[in-house]
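So you can see what is in the structure, the chains are spelled out below.
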Amino acid sequence: MPYNYDDQNIFAKILRGEIPNETVLETDHTLAFRDIHPQAPVHVLVIPKGAYVCHDHFAAEASEAELVDFMRVTARICAMHGLSPGDGDDGFRVIANAGTHGVQEVPHYHLHILGGRPLGRMLEPA
Ligand code: DGP
């Protein structure tokens, strides 16, 4: 079933400039900004500018330019914040919540980049 994108979601409003955000990085296709409720010293949200609901929607339907740009921005965010294990840094976690079981609150695709402290195990037991 095709995704229905709700253009009144909060990140759509951020992209239209209707509400403020603390931008970390912006490119033609991608915006990265600080999470309003940070759960780690570094908590950046990376979103495509296109109208994609969640990860599989973006992965299936975005153009190659959008996909590459998005991924390169995530790498730049990690490097900017000293999170890259390849540089000898302590690492990070990326999370993309989707749908009900994923407990996605905002229905515009976003990747959380978290770091700056030990993050514990990935999931608590069910
Ligand atoms: P998720 O459960 O993955 O949909 O998380 C949505 C995240 O978005 C959550 O960590 C809080 C953040 N958030 C919600 N509203 C705003 C906002 O208006 N501005 C910013 N910067 N972040 C927001």
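### Some thoughts on the environment of R76
Counting through the fold element by element, R76 comes out in helix α3 (residues 64–80). Counting along the chain gives 51 residues from R76 to L25, while the straight-line C-alpha distance between them is 8.6 Å. Residues in contact with R76, not counting those within four places in the same chain, are L25 and T27.

### What to know about the layout of surface pockets
By volume, the largest pocket is sized at about 490 Å³. Forming the walls of the largest pocket are 23 residues, and the residues nearest its centre are F11, D35, I36, L45 and V106. Elements with a minimum of two residues in the lining of the largest pocket: α1 (10–15), β2 (30–34) and β3 (42–48). The element best represented in the lining of the largest pocket is α1, accounting for 3 residues. Of the residues contributing to the lining of the largest pocket, the split by class is 10 nonpolar, 9 polar and 4 charged. Volume-wise, the second largest pocket comes out at about 410 Å³. What lines the second largest pocket is a set of 13 residues, among which R93, I95, N97, L114 and M122 lie closest to the centre. Among the elements of the structure, β4 (92–95) and β5 (111–115) are those that each provide at least two residues to the lining of the second largest pocket.

### Regarding the pairing of β5
Burial of β5 is extensive: 5 of the 5 residues sit out of reach of the surface. Here β5 shows two buried faces, one formed by L111, I113 and G115 and the other by H112 and L114. Both β4 and β5 contribute to a ladder of 4 bridges, which runs antiparallel. Along β5, the bridge assignment pairs R93 with L114.

### A word on the sheet that holds β2
On the basis of which strands lie adjacent, the open sheet formed by 5 strands has the order β1-β2-β3-β5-β4 and antiparallel pairing. Only two strands of the sheet have a single partner each, and these edge strands are β1 (23–26) and β4. Strand-to-strand twist in this sheet, taken as the mean axis angle between neighbours without regard to direction, amounts to 20 degrees. Relative to β3, α3 is tilted by about 165 degrees, and along the sheet it contacts β1, β2, β3, β4 and β5.

Criteria and cut-off values
Residues numbered from 1 in each chain as written. Predicted model: local features only at pLDDT ≥ 70, side-chain atom pairs only at ≥ 80, totals over all residues. Heavy atoms only, no water. Helix = DSSP H or I, 4+ residues; strand = E, 2+ residues; numbered from the N terminus. Contact = heavy atoms within 4.5 Å. 1 Å grid on protein atoms, 1.4 Å probe; cavity = no way out; pocket = protein on both sides within 12 Å on 5 of 7 lines; lining within 4 Å. Points joined across faces, edges and corners; volume = space filled by probe spheres on them. Nonpolar A, V, L, I, M, F, W, Y, C, P; charged D, E, K, R; others polar. Buried < 20%, exposed > 50% of the residue type's maximum accessible area, 1.4 Å probe, protein only. Pairing = 2+ DSSP bridges. Axes fitted to C-alpha atoms, helices over the stretch in contact; angles between N-to-C directions.

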